[in-house]
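If you want the building blocks of each chain, they are given just below.
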Amino acid sequence: AECEAEAKADAAKGLCEFQQALAVRLTLRFEKRPKEILHSMCQAGLPAAKDQRSTVKAIMRLCHPDKCRHPDAKRAMQILSPLLA
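All of the points below concern the structure found in this document. (Residues numbered from 1 in each chain as written. Predicted model: local features only at pLDDT ≥ 70, side-chain atom pairs only at ≥ 80, totals over all residues. Heavy atoms only, no water.)

Side note on the packing of helix α2 (residues 18–29) against helix α5 (residues 73–80)
Close contact between α2 and α5 brings their axes to 9 Å; oriented N to C, the two are set at 55 degrees. Comparing the axis directions of α2 and α5 gives the class oblique. For the pair α2 and α5, the crossing hand works out as left-handed. On α5, the residues touching Val-24, Thr-27 and Leu-28 of α2 are Ala-73, Arg-75, Ala-76, Ile-79 and Leu-80. Here the contact of α2 with α5 is built from residues that sort into 6 nonpolar, 1 polar and 1 charged. (Axes fitted to C-alpha atoms, helices over the stretch in contact; angles between N-to-C directions. Helix = DSSP H or I, 4+ residues; strand = E, 2+ residues; numbered from the N terminus. Parallel < 35°, antiparallel > 145°, perpendicular 65-115°, else oblique. Left-handed = near helix turned anticlockwise from the far one by under 90°. Contact = heavy atoms within 4.5 Å. Nonpolar A, V, L, I, M, F, W, Y, C, P; charged D, E, K, R; others polar.)

Describing the side chain of Thr-27
Position of Thr-27 among the secondary structure elements: in helix α2. The exposure class assigned to Thr-27 is buried, which follows from its relative accessible area of 0%. Filtering out sequence-adjacent residues up to four positions away, Thr-27 remains in contact with Ile-37, Met-41, Ala-76, Ile-79 and Leu-80. (Buried < 20%, exposed > 50% of the residue type's maximum accessible area, 1.4 Å probe, protein only.)

Structural data, given as structure tokens:
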């Protein structure tokens with residue numbers, strides 16, 4: 001709920017779309033527990049695919065700095081990248 005409130009505030013500031021901000025915020029929140037990131041994303045209603053790799057790629061598309069102007073988008077990508085392996 002805290003991440004959702006922060007993401008709504010980010011979207012209201014015009015940093016990025018709500019889903020993008022939520023993906024970034026959840027990724028940062030679970031940085032120390034990367035295995036829990038995908039489960040938290042699915043619970044929040046973010047894209048989920050048939051396998052982990054496809055799900056991570058979908059989340060990374062939301063967080064990609066070229067598409068998302070959130071100041072922590074690059075950091076979120078760095079956290080998510082190892083989950084592709």
